[in-house]
Amino acid sequence: MALLAVVLLLAIGCVPHLEISPAAQPAVSTSAKFPASVAVVCSERMKSLVERFSLPLDGRSDGRVDTAYYFEVGEPLCKSLVRSVEAAYARAVEVPVSPQAGAYDRVLDFSLQNSGLILPPGVSSVNAGSIRYTLFVSMAAYDGRTMALVKRAIVEGVGYPTGKRVWSWLREPVASAVEAGLQDLSTNTTKTLSAGFAEPR
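Fair warning: this is a prediction, and the values are worked out from it, not measured in the lab. (Residues numbered from 1 in each chain as written. Predicted model: local features only at pLDDT ≥ 70, side-chain atom pairs only at ≥ 80, totals over all residues. Heavy atoms only, no water.)

(A) Structural context of the pattern of salt bridges. Applying the stated rule across the entire model yields three salt bridges. A salt bridge links E199 to R106, with the nearest nitrogen and oxygen atoms 2.9 Å apart. Taken together, the residues span a long stretch of sequence, with E199 in the segment after α4 (171-194) and R106 in strand β6 (residues 106-118) at a distance of 93 residues. (Salt bridge = Lys/Arg side-chain N within 4 Å of Asp/Glu carboxyl O. Helix = DSSP H or I, 4+ residues; strand = E, 2+ residues; numbered from the N terminus.)

(B) Spatial organisation of the state of the cysteines. In total, this model carries one disulfide according to the counting rule given. Disulfide partner of C42: C78, at an S-S distance of 2.1 Å. One quick way to see it: the torsion about the S-S bond of C42 and C78 is about 90°, and its sign makes the bridge right-handed. Of this pair, C42 sits in strand β2 (residues 34-42) while C78 sits in helix α3 (residues 74-88), placing them 36 residues apart in sequence. (Disulfide = S-S within 2.5 Å.)

(C) Quick look at the side chain of T187. In this fold, T187 is placed in helix α4. Residue T187 is classed as buried on the basis of its relative accessible area, which comes to 9%. (Buried < 20%, exposed > 50% of the residue type's maximum accessible area, 1.4 Å probe, protein only.)

(D) Spatial organisation of the sheet that holds β6. Across the sheet, five strands lie side by side as β5-β2-β6-β7-β8; this open sheet has mixed pairing. The strands lining the two open edges of the sheet, one partner per strand, are β5 (89-94) and β8 (148-159). Taking the axes of each pair of neighbouring strands and ignoring which way they run, one obtains an average angle of 25° across the sheet. Judged from the five bridges that link them, β2 and β6 form a sheet pairing that is parallel. Each residue of the ladder has a partner; that of A39, found in β6, is V107. Contacts between α3 and the sheet are confined to β2, β5, β6 and β7 (132-143), with β5 contributing the most and set at about 155° to the helix. Most of the contacts of α4 go to β8, to which it runs at about 145°, and overall it touches β2, β5, β6, β7 and β8. (Pairing = 2+ DSSP bridges. Axes fitted to C-alpha atoms, helices over the stretch in contact; angles between N-to-C directions. Contact = heavy atoms within 4.5 Å.)

(E) Representation of the nonpolar core. One finds V73, L77, V85, L108, F110, Y133 and L193 to be the most contacted residues of the largest nonpolar core, which totals 45 residues. Within the residue set of this core, elements represented by two or more residues are β2, β3 (50-56), β4 (65-72), α3, β5, β6, β7 and α4. A total of seven residues in this core trace back to one element, the largest contributor, which is α4. Setting aside its immediate chain neighbours within four residues, L77 contacts M46, L49, L135, L182 and L185. Grouped together as the second largest cluster of nonpolar side chains are seven residues, V41, V95, Y104 and A140 included. (Core = buried A, V, L, I, M, F, W, Y, C linked by side-chain atoms within 4.5 Å.)

(F) Looking closely at the packing of aromatic side chains. Enumeration over the complete set of coordinates arrives at three aromatic pairs. With 5.3 Å between their ring centres and 45° between their planes, F53 and F71 make a pair best called tilted. With F53 in strand β3 and F71 in strand β4, the pair connects residues that are 18 residues apart, well separated along the chain. Accessibility expressed as a relative area gives 7% for F53, which makes it buried. A relative accessible area of 0% places F71 in the buried class. The interplanar angle of 75° and the centroid separation of 6.4 Å between the aromatic rings of F53 and Y133 together place this pair among those described as edge-to-face. Separated by 80 residues along the polypeptide, F53 in strand β3 and Y133 in strand β7 bring together distant segments of the chain. (Phe/Tyr/Trp six-rings, centres within 6.5 Å; stacked < 30°, edge-to-face > 60°.)

(G) Representation of the packing of α3 against α4 in the model. Where α3 meets α4, the axes come as close as 8 Å, and the angle between the chain directions of the two elements is 30°. As the angle between them shows, α3 and α4 are arranged roughly parallel. Of the two possible hands of crossing, α3 and α4 adopt the one that is right-handed. Facing P76, L77, S80, L81, S84, V85, A87 and A88 of α3, the residues of α4 in contact are L182, L185, S186, T189, T190, L193 and S194. (Parallel < 35°, antiparallel > 145°, perpendicular 65-115°, else oblique. Left-handed = near helix turned anticlockwise from the far one by under 90°.)

(H) Representation of α4 in the model. Spanning 24 residues, α4 covers 35 Å between terminal C-alpha atoms, matching the ideal 34 Å at 1.5 Å per step. G196 sits one or two residues past α4 and shows a positive phi near 95°. (Expected span 1.5 Å × (residues − 1).)

In short, geometric facts, not functional conclusions.
Here's what the structure looks like:
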């Protein structure tokens, strides 16, 4: 039994877990920020998001895979959303749960709706530019003084590999597409907030 447990641990340890860069931030700048304090809440499901992608061997089109890769997306995703809020508001603070009424001027609650990777047939590290990663996040805005819902919307992020033309391994452009998707989501979130999305009417 002990030997079996060791074998299982070794097998689990062989699954590559690849970290995504936590540096994603909005690609837009705002001329003026709203003078309000904002509490940012990221759902536990979103913060623990780990994407599993089974990637085909380069040049193979028969559907077989070489290995499964696990990309740790949750924490970089939440950090990018906090930066999105910081770009639109004078003060933004990530909090673990929704605060009590009156603690902040605004409360933004983010939760993951859907995400996915599109690998075109026959894709390889040589022609990886068509790889696409998409994610959809729900953004709920509350008036922090009363905790009344102001508005709710779905924000989308789409990413393609950037930088290199030829990659050594297929996992590299996949990671690049995920990071580009986070940046696109961050940019779209900032644009939405800067337009007054979370401001009570």
